[in-house]
Amino acid sequence: MGNEPKRGVPTAAELIQNWIEDKEDALFSAEAGRYHLYVSYACPWAHRTLTVIALKQLQHAVSFTAVHPHMGEHGWEFRSDDRVDPDPHLKANYLWQVYVAAQRDYTGRVTVPVLWDTKTNTIVNNESRDILRMLDKAMHRFANKDLDLCPDHLQPLIDQRIDEIYEPINNGVYRCGFAQSQAAYNHAFDTLFDALDQWDRLLEKQRFLCGDQLTEADICLFTTLLRFDPVYYVHFKCNNRLLMQYKNLSGYLRDIYQMPGVSEYCNLDHIKRHYYGSHRQLNPTGFIPKGPDLGYLELPSDRKLL
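These figures come from a predicted structure and were not determined experimentally.

Calculation rules
- Throughout, residues of each chain are indexed from 1 in the direction in which the sequence is written.
- Only residues with pLDDT of at least 70 are given local features in this predicted model, and only at 80 or more are side-chain atom pairs given and counted; all residues enter the totals for whole chains, interfaces and linings.
- Remark: hydrogens and water are excluded; side-chain values derive from all non-hydrogen atoms of the structure.
- Comment: elements are numbered from the N terminus, with helices defined as DSSP H or I runs of at least four residues and strands as E runs of at least two.
- Definition of nonpolar core: a set of buried residues of the types Ala, Val, Leu, Ile, Met, Phe, Trp, Tyr and Cys, connected through side-chain atoms within 4.5 Å.
- Whether a residue is buried, partly exposed or exposed follows from its accessible area with a 1.4 Å probe, protein chains only, as a fraction of its type maximum: under 20%, in between, or over 50%, in that order.
- Here, two residues are considered to be in contact whenever any of their heavy atoms come within 4.5 Å of each other.
- Classification of ring pairs uses Phe, Tyr and Trp, with its six-membered ring standing for Trp, and accepts pairs whose centres are within 6.5 Å; under 30 degrees between planes counts as stacked, over 60 as edge-to-face, and the remaining range as tilted.
- To be clear, the arc concerns the directions from the helix axis to the C-beta atoms.
- Only the stretch in contact is used when fitting a helix axis, every axis being a line fitted to C-alpha atoms; angles between N-to-C directions are given from 0 to 180 degrees.
- Orientation labels follow simple angle bins: below 35 degrees gives roughly parallel, above 145 gives roughly antiparallel, 65 to 115 gives roughly perpendicular, and whatever is left gives oblique.
- The nonpolar class holds Ala, Val, Leu, Ile, Met, Phe, Trp, Tyr, Cys and Pro. Asp, Glu, Lys and Arg form the charged class, and all remaining residues, Gly among them, are polar.
- Any two strands with at least two DSSP-identified bridges between them are counted as paired.
- Crossover handedness is defined by viewing with both strands directed away from the observer: a clockwise path from the first strand over the helix to the second marks the crossover as right-handed.

Q: Help me out: how do you make sense of the environment of Phe 178 in this one?
A: Along the chain, Phe 178 turns up in the loop between helix H5 (172-177) and helix H6 (182-202). C-alpha separation for the pair Phe 178 and Leu 282, spaced 104 residues apart in sequence, amounts to 8.3 Å.

In structure tokens, the structure reads:
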């Protein structure tokens, strides 16, 4: 495969951070049909962008290709099965080839999501938080106008909330799963469940993280919570309590999951196959567990009463 870049890991990406702007003279101007996302249904960071596409009804304006759930020796792979498709633009076999097409000498981490510009044939951005903001703001005129996931008056609080949940929860489950010592695991475990308890208490009094309005911060928490019971509880040893045992967090998860279009991109089959099949250092047999039963996701949440 030649001098290919490193396999992607969510905590060590080499960031590419250009921006789409809703200006005609911008290098990356907002245009329907111009941008393409490379994602994984399994990855919580990429799943954020798919959730925004669903909520903002941007499917007609921003296309996407999902990689295969199994990450093998050469990283994320394109195939023609399992709700994934061949790369429509570069005909790449692996995602690292997309990175090299944009930058021939690229040797950094290869991660999803990747926002690709079909006009200039380059990567615009590979940071999920930036892509969320661009889909919500720069592409807003092509979207559902009734939904603003980052209104100006809430932006400081939204950014604060995203920062507050990142290290203890979004990254905290990985710090548990890939801890290199018992002490490191214990610290990550305690920090994770302290944070979950904190947000469960907050969500007893309000519907969303920033009040009564769904925001980008909720999307960032949602994709981690969705994976908690089927993967993180067992695979990453985050086994103090199941998410379904949290009255408010579980209702909050159901609330977002049941919003129009969201569940379509919640591919629990890909999620389990990726984690249990790709992390052989944690699961040497590669067996995929049949459970748990996640039927509770379909139960009423009653969160609107808040």
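Q: Is there a simple way to think about the nonpolar core in this case?
A: One recurring pattern in soluble globular proteins: nonpolar side chains tend to sit buried together. The biggest cluster of nonpolar side chains holds 102 residues, and the ones touching the most others in it are Ile 20, Leu 95, Leu 192, Leu 196, Phe 228, Tyr 232 and Cys 238. The element that contributes the greatest number of residues to this core is helix H7 (residues 216-235), accounting for 10 residues. Excluding anything up to four places from it in sequence, Tyr 232 contacts Pro 44, Val 173, Tyr 174, Thr 224, Arg 227, Lys 237, Cys 238 and Tyr 275.

Q: Any chance you could explain the packing of aromatic side chains here in plain terms?
A: Given two aromatic rings, one states the distance between the centres and the angle between the planes to describe the pair. In total, this model carries 17 aromatic pairs according to the counting rule given. For the pair Phe 64 and Tyr 265, a centre-to-centre distance of 5.6 Å together with 90 degrees between the ring planes defines the contact as edge-to-face. Placement of Phe 64 in strand E2 (residues 62-66) and of Tyr 265 in the loop between helix H8 (247-257) and helix H9 (268-278) is noted, with a sequence separation of 201 residues between them. You can call Phe 64 partly exposed: its relative accessible area is 24%. By relative accessible area, Tyr 265 is classed as buried at 5%. With 5.8 Å between their ring centres and 85 degrees between their planes, Phe 236 and Tyr 275 make a pair best called edge-to-face. Pair noted here: Phe 236 is in the loop between H7 and H8 and Tyr 275 is in helix H9, with a separation of 39 residues, a long-range link. On the accessibility criterion, Phe 236 (0% relative accessible area) is buried. With relative accessibility at 1%, the residue Tyr 275 sits in the buried group. Taken together, Trp 45, Tyr 166, Tyr 174, Phe 178, Tyr 185, Phe 189, Phe 193, Phe 228, Tyr 232, Phe 236 and Tyr 275 form an aromatic cluster joined through their ring pairs.

Q: Can you walk me through helix H4 (residues 155-170) in this structure?
A: An α-helical turn contains 3.6 residues, so any two residues separated by three or four positions project in the same direction. Taken residue by residue, H4 has Ile 158, Arg 161, Ile 162, Ile 165, Pro 168, Ile 169 and Asn 170 as its buried positions. The buried residues of H4 occupy one face: seen down the axis, they fall within an arc of 165 degrees. Of the surrounding elements, those touching the buried residues of H4 are helix H1 (44-56), helix H3 (128-138), H5, H6 and H7.

Q: What is the right way to look at the packing of H1 against H3 in this model?
A: When two helices pack together, you describe them by how their axes are tilted relative to each other and by the distance separating the axes. Viewed as axis vectors pointing N to C, H1 and H3 meet at an angle of 10 degrees, and their least axial separation amounts to 9 Å. Taken together, the axes of H1 and H3 are roughly parallel relative to one another. When H1 is examined against H3, the residues Trp 45, Arg 48, Thr 49, Val 52, Ile 53 and Lys 56 are found in contact with a partner set consisting of Ser 128, Ile 131, Leu 132, Leu 135 and Asp 136. Across the contact of H1 with H3, the residue classes break down as six nonpolar, two polar and three charged.

Q: It is not clear to me how the pairing of strand E3 (residues 114-117) should be interpreted in this structure. Could you clarify?
A: It is a general feature of regular strands that their side chains alternate between the two faces of the sheet. Across the two faces of E3 the burial is the same, with Val 114 and Trp 116 and Leu 115 and Asp 117 all buried. The pairing of strand E1 (residues 35-39) with E3 spans four bridges and is classified as antiparallel. Bridge pairing in E3 links Leu 37 to Leu 115. Here three bridges tie E3 to strand E4 (residues 122-125), and the two strands are oriented antiparallel to one another. When the bridges of E4 are listed, Asp 117 appears paired with Thr 122. With antiparallel pairing between neighbouring strands as the criterion, E3 and E4 make up a hairpin whose turn holds four residues, including Asn 121 at a positive phi of roughly 55 degrees.

Q: Please clarify how the pairing of E1 should be interpreted in this entry.
A: Most of E1 sits out of view: five of its five residues are buried. Side-chain alternation along E1 places Tyr 35, Leu 37 and Val 39 on one buried face and His 36 and Tyr 38 on a second face that is also buried. Considered for its hand, the β-α-β crossover made up of E1, H1 and E2 is right-handed.

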